[in-house]
Amino acid sequence: MNIEIRNGRVIDPQNGTDRVASLFIADGRIAGLDQAPAGFAAVQTIDAKGCVVCPGLIDLAARLNSIEAELAAAVAGGVTSVVVPPDADPPLDEPELADRLVHRGTEIGKARVLPLGALTLGLKGERLAELAGLKKAGCVAFSQATQPVVDTEALLRSMEYAATFDFAIWLQPQDYWLARNGIAHEGEVASRLGLAGIPVAAETIAIATIVQLVRDTGCRVHLTRLSSAAGVALVAQAQAEGLPLTFDIGVHHLLLSENDIGFFNPHARFVPPLRTLRDRQALSDAAAGGLAAICSDHTPVGADDKLLPFGEAKPGATGLEVLLPLTLKWAAAAGVELRQALARITAAPAAVLGLADRHLGVGAVADICVFDPAAEWQLSAESLRSRGKNSPWLGHMLTGKVRTTLVGGRVVFTE
Amino acid sequence: MYNPQLNKDGELSHLLSIEGLPQRILTQILDTAESFMEVSARDVKKVPLLRGKSVFNLFFENSTRTRTTFEIAAKRLSADVINLDINKSSASKGETLLDTIDNLVAMHANLFVVRHASSGAPYLIAEHLQRIGRDDVHVVNAGDGRHAHPTQGLLDMYTIRHYKKDFTQLRVAIVGDILHSRVARSDIHALTTLGVPEVRAVGPETLLPKHLDKLGVHVFHDMNEGIKDCDVIIMLRLQNERMNGALLPSASEYFRHYGLTPQKLALAKPDAIVMHPGPMNRGVEIHSAVADGAQAVILPQVTFGIAVRMAVMSIVAGN
């Protein structure tokens, strides 16, 4: 179906485009910018006056506990591709499970589903899962989600094996021993509230180990959810050395700190924990400087699992529908211009995944998000399509609202 | 900053933590407790302040001593007291904490005394009561995780005021396992709020929380230096399980460095008082000669504790 999106401010970070233009879509791809291709007749015209037209958002971490609701939430948030961590129940450690997930995603026909296969069976960090088989079933890379590989030899061998096939491994750097009993950043707030602490060393020790093994094996590694200034500095140093390392930051870690725990607010419990204002600043600088992708780390949690004392509440927040407005909120606070901010949730995650056709140039896949950058709305449980109503931002006013989302040239969401 | 334990008039509706309470409220509690001391000395040890009210002792973690003193205090205020040992009832049936609260509110509970292993649990209950519009039901924290034990903190302040009169000239040392101690956190907040100029924390690095200086505390690793010239020494209980990991090598090595002996006590001021929240481990954190000595005020602490808990319950139930 031929679609014209006209009058919108087209922002394409990858190609450096930022101007009011018309976009022409045919056969699921971008067929023209400014100029309609010869013989183009639009079946549908979308007036994007006052709106931004950008590539569809790519979320590097979203858990799909109830897949239909969550994929509907994704496109309502302008997210056209979701990377799904393997810590589902059961863990995604068999090709058949990955195959079924991809198939189900296609059937629902909303956002694209990009699963991460489990690196080890049952995410136990012991025996390798069938990586090649998982890859064939559609897994884009391999990960332990938040589970550690305690045995360093198992980590080394799995990186050697992945490097053999040029598979990428995604790891959340957190030392098992230093993090296992902790529930909050080991700092002033945890000391005051009597919460068991997780020191920054839990992150830096894990990064140092991984960096050394990347140096030895040449395995491509993506580090997920960095939380500390010291961690960012270590990764930046390794990147400068030319090692094949990328990393991402959860959007909540750009906006919140340990202080937001207040009086035991369970919505401020995250893995890794929210750290100090200084750490938050370093994460923000890394994102603003183009070093990292931003993701939602979407974790739908039932109300009963949050209405518990801080240490017993499940960590994480709903994210798919707030990734865009929270990224805009961060950009406004950090003085980051819109094109650079959108790059963190479009071009940067596309680069992590090695997807070369997720932009708005002619021939690229027509995954598109049209949003009103000035629209204000109040976040409420009712306003969320996700089953996860857990957010530290409930009741807050957010700016930026998605009007239309296209996946593969099809309109999958309109407000 | 929003403080969930104060009502809209700034009066104490729940006692969840000493932190964030103004000096005025701490002094009000201590003064009220003083007026109740006389009640406990009477033949008929009762006042009718909570007559017809129901006080529920919700102990999600065992504690005979604290529960008993709360029970006595509530009975002296003429309240009906119901003791619930939650380990043995609803928690094992999978009922959530807030389900339990809803049920007890339906039974017309007026005041919950809560002991829980998780830091922050009493906050969750107080916020829930606010959400369901029951600002007539009150919560008193009887110890939550490592976070706070505010009535213990207050009875410690009562004891100090009783023996030392004025807070503003004192040097107070808290010795031992501060990391895992809710008593220490409550004492620190109470002492600094009441104007004690020098609060010291003494212990090995493994038993001290990070950033204690941010709470206005001076840290000492050497006990001889830490208790030198102090007016008040608060000893903390050392749990046996601390010896299981890498926090400490043994009870005897701990006692050698951080146990309060008559020799070490001699370094403090001659009229220094020695306090302990109980139960004591004799020969681990305190020598029997000190525990039973003339400077120990450990048993008076228990007596004052009843008056302080009467004061707290009567104040929150009246607001």
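Our structure's up above, just so we're on the same page.
This write-up is about the structure you can find in this document. In this text the structure is predicted, and so the values were computed from the model without any measurement. (Residues numbered from 1 in each chain as written. Chains lettered and ligands numbered in written order. Predicted model: local features only at pLDDT ≥ 70, side-chain atom pairs only at ≥ 80, totals over all residues. Heavy atoms only, no water.)

**What about the overall build of chain A?**
Within chain A one finds 14 helices and 18 strands. On C-alpha atoms alone, chain A measures out to a radius of gyration of 21 Å, which is about the 22 Å that the 2.2 N^0.38 rule sets for 415 residues. Considering chain A as a whole, with its 415 residues, one finds that 60% of them fall into the buried category. Partitioning the intrachain contacts of chain A with sequence separation of at least 6 by distance along the chain shows that 72% fall at a separation of at least 24. Of the roughly 15,500 Å² that chain A leaves accessible, carbon and sulfur atoms contribute 49%. The centroid of the 36 positive side-chain charges in chain A is displaced by 3 Å from the centroid of its 45 negative side-chain charges. (Helix = DSSP H or I, 4+ residues; strand = E, 2+ residues; numbered from the N terminus. Rg over C-alpha atoms; globule rule 2.2 N^0.38 Å. Buried < 20%, exposed > 50% of the residue type's maximum accessible area, 1.4 Å probe, protein only. Contact = heavy atoms within 4.5 Å. Areas by Shrake-Rupley, 256 points an atom, 1.4 Å probe, with all protein chains shown as cover. Lys, Arg positive; Asp, Glu negative; His and termini not counted. Charge placed at Lys NZ, Arg CZ, Asp CG, Glu CD.)

**Overview of the interface of chain A and chain B**
Accessible area lost on assembly of the parts is the figure often given for the size of an interface. Between chain A and chain B, the residue contacts involve 17 residues of the former and 26 residues of the latter. Taking both sides of the interface into account, the surface hidden between chain A and chain B amounts to around 1,800 Å²; carbon and sulfur atoms contribute 64%. Summed over the three residues of chain A that lose the most area to chain B, namely Ser 191, Arg 192 and Phe 263 of chain A, the buried surface amounts to 36% of that side. Seen at the junction of chain A and chain B, the total is two salt bridges. In this assembly, chain A and chain B are joined by five residue pairs in polar contact (both at pLDDT 80 or more). When grouped by side-chain class, the residues that make up the side of chain A that touches chain B number nine nonpolar, four polar and four charged. (Buried area = accessible area lost by both parts, 1.4 Å probe. Salt bridge = Lys/Arg side-chain N within 4 Å of Asp/Glu carboxyl O. Polar contact = N/O pair within 3.5 Å; in protein donor to acceptor, adjacent residues only side chain to side chain. Nonpolar A, V, L, I, M, F, W, Y, C, P; charged D, E, K, R; others polar.)

**Notes on a nonpolar patch on the surface**
Residues Leu 128, Tyr 161 and Phe 165 of chain A make up a contiguous nonpolar surface patch of about 250 Å² in total accessible area. With a relative accessible area of 40%, Phe 165 of chain A lands in the partly exposed category. (Patch = residues over 30% accessible without salt bridge, like charges linked within 9 Å, V, L, I, M, F, W, Y side chains within 5 Å.)

**Overview of the pairing of strand 18 (residues 410-414) of chain A**
The side chains of a regular strand alternate, residue by residue, between the two faces of the sheet. Residues and elements named next belong to chain A. Of the pairings in the sheet, the one linking strand 17 (residues 397-407) to strand 18 comprises four bridges and is antiparallel in character. If you follow Leu 406 over to strand 18, its bridge partner there is Val 411. Hairpin geometry of strand 17 and strand 18 is characterised by an intervening segment of two residues between the two adjacent antiparallel strands and by a positive phi of about 55 degrees at Gly 408. (Pairing = 2+ DSSP bridges.)

**Brief notes about the environment of Thr 318 of chain A**
Residue and element names in this part refer to chain A. In this structure, Thr 318 sits in the loop between helix 11 (303-306) and helix 12 (323-334). A relative accessible area of 2% places Thr 318 in the buried class. C-alpha separation for the pair Thr 318 and Leu 178, spaced 140 residues apart in sequence, amounts to 27 Å. Leave out the neighbours within four places in its chain, and Thr 318 touches His 252, His 298, Thr 299, Leu 384, Ser 386, Gly 388, Asn 390 and Ser 391. A distance of 3.0 Å separates the side chain of Thr 318 from the backbone oxygen of Gly 388, its partner in a polar contact.

**Remarks on the sheet that holds strand 8 (residues 112-118) of chain A**
All names here are of chain A. Pairing is parallel across the open sheet formed by eight strands, whose spatial order is 6-7-8-9-10-13-14-15. The sheet terminates laterally at strand 6 (57-59) and strand 15 (293-295), the two strands that pair on one side only. Ignoring which end each strand starts from, the neighbouring axes of this sheet average 25 degrees apart. With three bridges connecting them, strand 8 and strand 9 (residues 141-143) associate as parallel partners. Bridge pairing links Gly 117 to Phe 142 in strand 9. (Axes fitted to C-alpha atoms, helices over the stretch in contact; angles between N-to-C directions.)

**Quick notes on the packing of aromatic side chains**
Tallied over the full model, the rule gives 10 aromatic pairs over all chains. Pairing Phe 142 of chain A with Phe 167 of chain A gives two aromatic rings, centres 5.3 Å apart and planes at 50 degrees, and the pair type is tilted. Of the two residues, Phe 142 of chain A sits in strand 9 while Phe 167 of chain A sits in the loop between helix 4 (152-164) and strand 10 (168-171), which places them 25 residues apart along the sequence. For the pair shown, Phe 142 of chain A and Phe 167 of chain A are each scored as buried. Measuring from centroid to centroid gives 4.9 Å for Tyr 158 of chain B and Phe 304 of chain B, while their planes differ by 50 degrees, and the two rings are tilted. Of this pair, Tyr 158 of chain B sits in helix 5 (residues 150-164) while Phe 304 of chain B sits in helix 11 (residues 298-318), placing them 146 residues apart in sequence. Classification of Tyr 158 of chain B as buried rests on a relative accessible area of 5%. Since its relative accessible area comes to 6%, Phe 304 of chain B is described here as buried. Pairwise contacts between aromatic rings join Phe 142, Tyr 161, Phe 165 and Phe 167 of chain A into one cluster. For the cation-ring pair, Lys 401 of chain A lies above Trp 377 of chain A, with the distance from its terminal atom to the ring centre recorded as 4.4 Å. (Phe/Tyr/Trp six-rings, centres within 6.5 Å; stacked < 30°, edge-to-face > 60°. Lys NZ or Arg CZ within 6 Å of the ring centre and 35° of its normal.)

**Remarks on empty space enclosed by the protein**
Residue and element names in this part refer to chain A. Per the counting criterion, the structure on display carries four cavities of 30 Å³ or more. Here the largest cavity defines a volume of roughly 60 Å³. Together, Leu 60, Ala 61, Arg 63, Pro 85, Leu 116, Ser 143, Ala 145, Thr 146, Trp 170, Gln 172, Thr 224 and Arg 225 line the largest cavity. Looking at the lining of the largest cavity residue by residue, the class counts come to six nonpolar, four polar and two charged. (1 Å grid on protein atoms, 1.4 Å probe; cavity = no way out; pocket = protein on both sides within 12 Å on 5 of 7 lines; lining within 4 Å. Points joined across faces, edges and corners; volume = space filled by probe spheres on them.)

**Description of the nonpolar core**
Ranked by internal contacts, the top residues of the largest apolar core, which has 122 residues, are Val 82 and Leu 223 of chain A together with Phe 112 of chain B. For Val 82 of chain A, the residues in contact, after removing those within four places along its chain, are Asp 59, Ala 62, Leu 64, Leu 71, Ala 74, Arg 112, Val 113, Leu 114 and Leu 320 of chain A. (Core = buried A, V, L, I, M, F, W, Y, C linked by side-chain atoms within 4.5 Å.)

**Here we look at the sheet that holds strand 7 (residues 218-220) of chain B**
Residues and elements named next belong to chain B. The parallel open sheet is built from five strands, whose spatial order is 7-6-5-8-9. What marks the edges here is a single partner per strand, and that holds for strand 7 and strand 9 (273-275). In this sheet, neighbouring strand axes are inclined to one another by 20 degrees on average, regardless of whether the strands run parallel or antiparallel. Bridge count for strand 5 (residues 171-175) against strand 6 (residues 198-202) is five bridges, and the pairing is parallel. Opposite Arg 171, over in strand 6, you have Glu 198 as the bridge partner.

**So, the packing of helix 7 (residues 201-217) of chain A against helix 8 (residues 229-240) of chain A**
Residues and elements named next belong to chain A. Look at helix 7 against helix 8: their axes get within 9 Å of each other, and the N-to-C directions meet at 15 degrees. With respect to helix 8, the axis of helix 7 lies roughly parallel. Crossing of helix 7 over helix 8 shows right-handed handedness. For the pair helix 7 and helix 8, contact is made by Glu 203, Thr 204, Ile 207, Ala 208 and Val 211 and by Ala 230, Gly 231, Leu 234, Val 235 and Ala 238, respectively. (Parallel < 35°, antiparallel > 145°, perpendicular 65-115°, else oblique. Left-handed = near helix turned anticlockwise from the far one by under 90°.)

**Section: the pattern of salt bridges**
Residues and elements named next belong to chain B. According to the stated counting rule, one finds 40 salt bridges over all chains in the structure shown. We note a salt bridge from Glu 34 to Arg 161, for which the minimum N-O separation is 2.8 Å. You can see Glu 34 sitting in helix 1 (residues 23-41) and its partner Arg 161 sitting in helix 5, a full 127 residues away along the chain. Residue class for Glu 34 comes out partly exposed when judged on its relative accessible area of 46%. On the basis of relative accessibility, which here comes to 17%, the residue Arg 161 falls in the buried class. Salt-bridge contacts for Asp 177 lead to Arg 242; the nearest nitrogen and oxygen are separated by 3.0 Å. Highlighted residues: Asp 177 in the loop between strand 5 and helix 6 (182-193) and Arg 242 in the loop between strand 8 (232-235) and helix 8 (251-258), separated in sequence by 65 residues. According to the relative accessible area criterion, Asp 177 is buried, its value standing at 2%.

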